[in-house]
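# A look at the structure
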Amino acid sequence: GEDSIILQSTTSTQNSGLFDVILPEFTRETGITVNVVAVGTGQALKNGRNGDGDVLLVHAKSAEEKFIAEGHGEARFDVMYNDFVIVGPGNDPAGLAGTTDIVAALKKIPENRAIFASRGDDSGTNKKEIQLWQMAGIDAAADSGVWYRETGSGMGATLNLAAGMGTYTLTDRATWIAFQNKRGMKILAEGDPRLFNQYGVMLVNPKKHPHVKAAAGRIFIKWLTGQKGQSAIAAYRLDGQQLFFPNAK
Amino acid sequence: MLDKTSEHSLQLPDPVRFRDVSLTINRQELIANINCTLEHTGVSVVMGPNGAGKSLFLRLLAGLLKPTSGTITGSYINAKPGTTSSLSMVFQDPVLLRRTAHANIAYVLHQQKCPEEQLAEKVGNALKTARLERQRETPARRLSGGEQQRLALARALVVRPAILLLDEATASLDPASTHIVEGMAADAAATGTKIIFVTHDVRQAKRVGDDILFIHEGRLLTHKSIHDFFRDPGSKEAQAYLDGRVPE
Amino acid sequence: MLDKTSEHSLQLPDPVRFRDVSLTINRQELIANINCTLEHTGVSVVMGPNGAGKSLFLRLLAGLLKPTSGTITGSYINAKPGTTSSLSMVFQDPVLLRRTAHANIAYVLHQQKCPEEQLAEKVGNALKTARLERQRETPARRLSGGEQQRLALARALVVRPAILLLDEATASLDPASTHIVEGMAADAAATGTKIIFVTHDVRQAKRVGDDILFIHEGRLLTHKSIHDFFRDPGSKEAQAYLDGRVPE
Amino acid sequence: MGEIADAFWIAFNLLLSFDKELYSIIGLSLKVSLSAVAISCALGFTIGAGLSVYRFPGHRLIIIILNALMGLPPVVVGLIVYLILSRSGPLGVLGLLYTPTAMIIAQVMLITPLVAALSIQMLEELHLEYDEFFRSLRLTNFAKMKTLLWDGRRGLVTVGLAGFGRAISEVGAVMIVGGNINHLTRIMTTAIALETSKGTLALALALGIILIGFSLAVNAAVMLLRSNSKGQRYA
Amino acid sequence: MGEIADAFWIAFNLLLSFDKELYSIIGLSLKVSLSAVAISCALGFTIGAGLSVYRFPGHRLIIIILNALMGLPPVVVGLIVYLILSRSGPLGVLGLLYTPTAMIIAQVMLITPLVAALSIQMLEELHLEYDEFFRSLRLTNFAKMKTLLWDGRRGLVTVGLAGFGRAISEVGAVMIVGGNINHLTRIMTTAIALETSKGTLALALALGIILIGFSLAVNAAVMLLRSNSKGQRYA
Ligand SMILES: Nc1ncnc2c1ncn2[C@@H]1O[C@H](COP(=O)(O)OP(=O)(O)OP(=O)(O)O)[C@@H](O)[C@H]1O
Ligand SMILES: Nc1ncnc2c1ncn2[C@@H]1O[C@H](COP(=O)(O)OP(=O)(O)OP(=O)(O)O)[C@@H](O)[C@H]1O
Ligand SMILES: [Mg+2]
Ligand SMILES: [Mg+2]
């Protein structure tokens, strides 16, 4: 019935534990259950395009805008942001520690023959990372398989790989804080404004997919971008740190 | 074991006819140009040395093998699957289901659509005649050699076949059982069941047979009445066989 | 088939002794308190009705079944795995490997560590004696019943056993083959191979046997010389058996 | 490696805590996989017995294809079922995507070829043994199939267990068509994958241990049933 | 659903383009899975023949455990191998994690129980048939095992193919220990998973079609070899 919706979202949001806290609150208030399907950003958008979901919560702004422009979604709203960080082995062989200039930090990696694990999966995080390499003027893809390792998998899998192999990688802060298999890895570069990570929410276009639970979906979007949702997001903490910063307009 | 009031004798079915039947497997001609007619009466004995082709001859007769050339006709030979068959065969190496002795007999009755209420009684009688009542619940494969052969026989007879093919069916039987089986064969033949009886036992052939087919290296050398055959085997191979000699 | 210059006769191995041997399977006492001594000479014939326990007796003798109570002793009975066995057994239902006739014989020679250079010749001779040269490359399971039995016999003999157990090994053989096998048994016995010969054929028992064991319902009723047995079977069961009657 | 020891401890505590959520995930895993196995056995055994009994041109080809389909990648099966059940797919109106039914459908597609291919192999020899007897009785192919399935049940049990093993351990297909939705379609393997991606490896392993424990229980139950049934004695 | 038709077209074009990358991915898939199957068959056939021949207390228990291990979740196997081969794990110094060797190890762990459990079932009956003959010859258990493996090879081929099917289609374990690293450890199934997560479903399916095509080729080759060998005729 109208009392449950499917939310197509990304693994990083799910792994951070945010949903486990805010969704029960929403359900309590509205009686609407939110069923989360967590997949890669690309897969989430594809599923949305096929009508296999009511609401999308992802972080790949340009892809999201394209989604709206093509008429697959009704409208897009900013929800929250956090930031990306570079993590790497505790002994930091490339000497990144403390760097705030992300471009300078990235350049050190190939210079010091260190290994960088890229998600290589076309996800929001991956797109961001490619953008950053371009800014640093490094053609990382050309060295794929040498110092640049494209894991072709999700954030968690890539972090497991980085931990198992002792490599650097780019991750969003929320996933990192929630991640349990750190094996001595640390945040080594953070704080550059270019590492901004924006999340957006969209209703799958009910004109294209009449079965979409538009009413319930709109209630959810309204709640999430409204005062209650925003303060719930702000209140979510893990290990004493805030993972997401609400910024709905 | 056989119902003596059976009506088979009232209207005789067609005889079985082999016309120029040959069978070649892997380029070896195992059955070579057999011609014969088996009337639907009495006991026909098939004899011949090991590897002569007696079992293949029975398989052809039962429709289990198709001849490479030639034709076989006869009322029971070409029965279609699903028809209640009037042909029973006891294989030289009995094919027993991986079930109890009891279940083996019940199986064929069940397949022949025997009504459930008669089934228990028929199975019981068959086990009794085969003297396997004590082994009723023994898995068929655990039975002794002779018991297995008796079970296969009982299973073949319980459906009251119009034609019964016995491939050395008394080879592992003790003298008393052999005697009983020979008696049953005679009774069955008397009530109109056609019996084809393969045996290596010359005395047995004399006791049970009406006519005899002597096969040698895939060829039917002789088909005569028993009486004539033992007076004149008709070939040096048959003579050697009767004398217990290897020919040549 | 057997090397007549074999030295078995020089020093006679220990006789096989059964002491109070019983065998119970599923609460049925299938072998009941057998006591006997089989000297390592000549041909001992084992007779008895179907299901009497003859095959079980051979299995006990070969060490394939352990008695539930009692002991069996004798030089070849308790040979450990891996020792070159001097015991061969031809099962009532021949166990043939899923290989060609040739490979079946080569297999046992190979297992008995026969040198490769002698192997081909020995296999060839064995196939020849069994008259299976033409079927050399035929899968064993495609052979005719009698051919299978001859193959099993040839395979048992090719390793020149000191004791040979034959479980109705001539049941499917034609008269000539039976004759040859009986001759081989006599030869082998003459050169010191002990033979235990299970058969239902009373005339055959007379021809080949030195002593006879008569088993009935798991009990050893009589163990006498053949001559004595046929003069006085010693029990009404044995008498009934010889007369081809069911006792009682 | 400490994780492996931890995992046993966590597994033990989880089981004893009688955590309702855990038990409902286990319950769904078993429900989905046992349903899929039941359906696959019905299909696969029939195909296996049928291909043992019927001979026709292309028979060998079908067996080769079935053997090859044992190597059907779960993700591909998941995708195909997804495309069929998706709202924009042919059966979209049924609304089955992201339900246990979809997961059962995917597992059935995945394991039926395995069950069928192994069944043929198990029944082939029995058929060889019975074939002439069957034909001398003039049995219909249907009657032959019934007999083979009954008398060959010992081997078929192992085949069914192999199918169950593949179903219960499978994650690629159910992840795509089930969506690993908490409280709805989360099963043990998708939960394990989730915990792995969170880096909580010890918990992931603990769930794995519990899953194997339950597989073990299912296997033990089936094997005990099999050996207590009379079947054993006739082999 | 349009994707399914697209997928065939893409698969066709991909194959004909002789894309070096695609062929190296296919090559690695086959190399890893065939190596794993070879090792698993060596182990599993030996275990299967051994358990047919040796009888000891706990024999049934081992068979139940092997049957249950057919349901070992790939992700769990991946995790265990990961923990062992990880830099901080006991074999970390070997530096095997994220290499094809690690993938082979994981697949061997995954499919050996399947191969062993099915082998027992295939050889059990043959052993029943040969047992008394073996013992009358006083064969060693080793000689018995050799004979069973040789005479039972027909059924074992199908078992090996089932193992190959599971290995070639597996993604959970190789993803974790191989890492799906482009140009190094990417194989067909991990590439399919990647394309799926990108939402390029038609490409993912196309890769799946190609993978099945290669499985089919392997199966056809094996079956042809089997039927051309003499084995067939002795069954
Ligand atoms: N499928 C087959 N392939 C090859 N040869 C075969 C096949 N079937 C039978 N033969 C051969 O055909 C010949 C005749 O076989 P058949 O079983 O009819 O003999 P038989 O007369 O019944 O002998 P026996 O008295 O030993 O039972 C034998 O030499 C046998 O080896
Ligand atoms: N494993 C078993 N379980 C139950 N009963 C058995 C088993 N093995 C043998 N028997 C029974 O033991 C009895 C003796 O069997 P055995 O095979 O020794 O008979 P036999 O004297 O060789 O008879 P035949 O002349 O028919 O070969 C038979 O009644 C048989 O049914
Ligand atoms: Mg014959
Ligand atoms: Mg016997």
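Each remark here, short or long, concerns the structure printed above.
Residue numbers here run from 1 along each chain, matching the order of that chain's written sequence. Written order determines the labels here, with chains lettered from A and ligands numbered from 1. Local features in a predicted model are, by the rule used here, given only for residues with pLDDT of at least 70; side-chain atom pairs are given and counted only at 80 or more, and totals for whole chains, interfaces and linings are based on all residues. To get the side-chain values, all heavy atoms of the structure are used, and hydrogens and water are removed first.

### Some details on the overall build of chain A
Looking only at helices and strands, chain A has 10 helices and 12 strands in total. A radius of gyration in this sense is built from C-alpha atoms; the matching globule rule multiplies 2.2 Å by the number of residues raised to 0.38. Relative to a compact globule of 249 residues, whose C-alpha radius of gyration would be 18 Å, chain A shows 19 Å and is just as compact. When its C-alpha atoms are laid out on the principal axes, chain A stretches across 55 × 40 × 30 Å. Every one of the 249 residues in chain A was classed for burial, and the buried ones make up 62%. Here, residues are in contact when the closest pair of their heavy atoms is within 4.5 Å. Sequence separation of at least 24 residues holds for 73% of the intrachain contacts in chain A that already meet a minimum separation of 6. Here the Shrake-Rupley method, with its probe set to 1.4 Å, supplies the accessible areas, and only the displayed protein chains count as covering residues. When the accessible surface of chain A is totalled, it reaches about 8,900 Å², and 52% of it is carbon and sulfur. Counted charges follow a simple rule, with Lys and Arg positive, Asp and Glu negative, and His plus the chain ends left uncounted. The atoms used to mark charge sites are NZ of Lys, CZ of Arg, CG of Asp and CD of Glu. Taking the 26 positively charged and 26 negatively charged side chains of chain A as two groups, their mean positions are separated by 1 Å. Counting from the N terminus, the helices are the DSSP runs of H or I reaching at least four residues and the strands are the DSSP runs of E reaching at least two. We call a residue buried when its accessible area falls under 20% of the maximum for its residue type, exposed when it is over 50%, and partly exposed in between, using a 1.4 Å probe and counting protein chains only.

### So, helix α6 (residues 141–151) of chain E
Of all the positions in α6 of chain E, only Ala143, Lys144, Met145, Thr147, Leu148 and Asp151 of chain E are classed as buried. Against the buried residues of α6 of chain E lie α2 (101–111) of chain C together with α2 (20–53), α5 (100–136) and α7 (153–169) of chain E.

### Concerning the coordination of the magnesium ion (ligand 4)
Residues and elements named next belong to chain C. Each metal site is built from N, O and S donor atoms within 2.8 Å (3.2 Å for Na, K and Ca), and since water is not included, such sites may look incomplete. In this structure, Ser55 (OG) and Gln92 (OE1) serve as the protein donors to the magnesium ion (ligand 4), at separations of 1.9 to 2.1 Å. Of this pair, Ser55 sits in helix α1 (residues 54–61) while Gln92 sits in the loop between β5 (87–90) and α2, placing them 37 residues apart in sequence. Here Ser55 and Gln92 have matching classes, each one buried.

### Observations concerning the pattern of salt bridges
The term salt bridge refers to a side-chain nitrogen of Lys or Arg lying within 4 Å of a carboxyl oxygen of Asp or Glu. This model, assessed by the stated rule, comprises 39 salt bridges over all chains. Across the pair Arg207 of chain C and Glu182 of chain C runs a salt bridge, and its minimum N-O distance is 2.7 Å. Of this pair, Arg207 of chain C sits in helix α6 (residues 202–208) while Glu182 of chain C sits in helix α5 (residues 175–190); the two residues are 25 residues apart in sequence, bridging distant segments of the chain. With relative accessibility at 8%, the residue Glu182 of chain C sits in the buried group. Among the ionic contacts, a cluster of salt bridges with common partners joins Glu64, Arg76, Asp78 and Lys249 of chain A.

### Examining the relation of the copies chain E and chain D
Both copies of the chain are related by one operation, a rotation about an axis with a shift along it. Least squares is used to superpose the copies, and the fit set is the C-alpha atoms of residues whose pLDDT is at least 70 in both copies. Of the transformation placing chain E onto chain D, the axial shift is 0.0 Å and the rotation is 180°, giving an RMSD of 0.1 Å. Both chain copies can therefore be described as sitting about a two-fold axis.

### Digging into the sheet that holds strand β1 (residues 16–25) of chain C
All names here are of chain C. Paired strands are those between which DSSP finds at least two bridges. On the basis of which strands lie adjacent, the open sheet formed by 3 strands has the order β2-β1-β4 and antiparallel pairing. Of all strands in the sheet, those with a lone pairing partner are β2 (28–38) and β4 (69–73), marking the two edges. In this sheet, adjacent strand axes meet at a mean angle of 20° when their direction is disregarded. Running at roughly 60° to β2, α1 makes contact with β1, β2 and β4 of the sheet. Helix axes are fitted only over the stretch in contact, all axes being lines through C-alpha atoms; the angle between N-to-C directions runs from 0 to 180 degrees.

### Observations regarding the interface of chain E and chain D
Buried accessible area, meaning the area lost when the parts come together, often serves as the stated size of an interface. Contacts between the two partners involve 62 residues from chain E and, on the opposite side, 61 residues from chain D. Buried area is a sum: the accessible area each of two parts loses on coming together, probed at 1.4 Å, counted once for each and added. Of the roughly 4,900 Å² buried between chain E and chain D on both sides combined, carbon and sulfur atoms contribute 76%. In this structure, the connection of chain E to chain D is made through 2 salt bridges. The partner of Glu124 of chain E in a salt bridge is Arg154 of chain D, with the nearest N and O atoms 3.3 Å apart. In protein, a polar contact means a hydrogen-donor-capable atom and an acceptor-capable atom, both N or O and within 3.5 Å, with residues adjacent in sequence counting only if both atoms are side-chain atoms; elsewhere, any N or O pair within 3.5 Å suffices. Seen at the junction of chain E and chain D, the total is 6 residue pairs in polar contact (both at pLDDT 80 or more). At the level of secondary structure, the elements contributing two or more residues to the side of chain E that touches chain D comprise α1 (2–16), α3 (59–69), α4 (74–85), α5, α7, α9 (188–198) and α10 (201–228) of chain E. It is α10 of chain E that contributes the most residues to the side of chain E that touches chain D, 14 residues altogether. Here the nonpolar group is Ala, Val, Leu, Ile, Met, Phe, Trp, Tyr, Cys and Pro; Asp, Glu, Lys and Arg are the charged ones; every other residue, Gly included, is treated as polar. The class makeup of the residues in the side of chain E that touches chain D is 41 nonpolar, 14 polar and 7 charged.

### Regarding the packing of helix α3 (residues 41–49) of chain A against α9 of chain E
Packing of α3 of chain A against α9 of chain E brings their axes to within 5 Å, and their N-to-C directions diverge by 55°. It follows from the interaxial angle that α3 of chain A and α9 of chain E lie oblique. On α9 of chain E, the residues that touch Thr41, Gly42 and Gln43 of chain A of α3 of chain A are Thr196, Ser197 and Lys198 of chain E. Across the contact of α3 of chain A with α9 of chain E, the residue classes break down as no nonpolar, 5 polar and 1 charged. To sort the angles, those under 35 degrees are grouped as roughly parallel, those over 145 as roughly antiparallel, those from 65 to 115 as roughly perpendicular, and the leftovers as oblique.

### Re the site of ligand 2
By convention in these notes, a residue is near a molecule or strand provided one of its non-hydrogen atoms lies within 4 Å of it. As a structural note, the neighbourhood of ligand 2 is formed by 21 residues, with Ser144, Gly146 and Glu147 of chain B together with Lys54 and Ser55 of chain C the closest of them. Lying at an intersection of chains, ligand 2 is approached by residues of chains B and C. One nitrogen or oxygen atom from the side chain of Glu147 of chain B is found 2.6 Å from an oxygen atom belonging to ligand 2. Taking Asn50 of chain C, its side chain carries an N or O atom lying 3.0 Å from an oxygen atom of ligand 2. Relative to its free-state accessible area of 640 Å², ligand 2 is covered by the protein chains to the extent of 91%. Where the shell around ligand 2 is concerned, the elements lending two or more residues are α4 (145–157) of chain B together with α1 of chain C. Of the residues belonging to the shell around ligand 2, the class tally is 6 nonpolar, 10 polar and 5 charged.

### Some details on the interface of chain B and chain D
Counting residues at the interface gives 30 residues for chain B and 19 residues for chain D. The largest share of the area that chain B buries against chain D comes from Leu64, Arg98 and Arg99 of chain B, three residues that together contribute 27% of it. Run the count over chain B and chain D and you get 4 salt bridges. A salt bridge links Arg99 of chain B to Asp151 of chain D, with the nearest nitrogen and oxygen atoms 2.7 Å apart. Between chain B and chain D we count 8 residue pairs in polar contact (both at pLDDT 80 or more) in total. Mapped onto the side of chain B that touches chain D, the elements with two or more residues apiece are β5 (87–90) and α2 (101–111) of chain B. Tallied by class, residues from the side of chain B that touches chain D come to 15 nonpolar, 7 polar and 8 charged.

### Considering helix α3 (residues 116–129) of chain C
Residue and element names in this part refer to chain C. Taking 1.5 Å per residue as the helical rise, α3 with its 14 residues ought to reach 20 Å, and the 20 Å between its terminal C-alpha atoms agrees with that figure. Here α3 has its buried residues at Leu119, Val123, Ala126 and Leu127. All buried residues of α3 lie within an arc of 95° about the axis, which places them on one face of the element. For α3, the exposed residues set more than 90 degrees away from the buried face come down to Glu117, Glu121 and Lys128. Those residues of α3 that are buried lie in contact with α2 and α4 (145–157). The first or second residue beyond α3 is Arg131, which carries a positive phi of 50°. A helix is expected to span 1.5 Å for every residue after the first. Directions are taken from the helix axis to each C-beta atom, and the arc is the one they span.

### Overview of the side chain of Asn182 of chain E
Take Asn182 of chain E: it is sitting in the loop between α8 (172–178) and α9. When its relative accessible area of 8% is taken as the criterion, Asn182 of chain E is described as buried.

### Brief notes about the nonpolar core
What makes a nonpolar core is a set of buried Ala, Val, Leu, Ile, Met, Phe, Trp, Tyr and Cys residues whose side-chain atoms join them at distances within 4.5 Å. Among the nonpolar cores identified, the biggest contains 385 residues, and Phe18, Phe57 and Leu61 of chain B together with Phe18, Phe57 and Leu61 of chain C are the most heavily contacted of them. Non-local contacts of Phe18 of chain B, meaning those with residues more than four positions away in its chain, are made with Ile34, Asn35, Cys36, Phe57, Leu60, Leu61, Thr71 and Ile72 of chain B.

### Observations regarding the arrangement of the chains
Ranking by contact count across 8 pairs of chains in contact places chains D and E at the top. At the level of C-alpha atoms, the two units chain A and chain B stay apart, their nearest approach being 52 Å. Note that chain A does not reach chain C: the shortest distance linking a C-alpha of one to a C-alpha of the other is 50 Å.

### With respect to the pairing of β1 of chain C
Residue and element names in this part refer to chain C. Note: β1 against β2, 7 bridges, orientation antiparallel. Looking across to β2, one finds that Thr24 is bridged to Glu29. As defined by bridge partners, β1 adjoins β4 across 4 bridges and the pair is classed as antiparallel. Among the inter-strand pairings, Arg17 is bridged to a residue of β4, identified as Thr73.

Without other data, these values stay purely geometric and don't point to any function.
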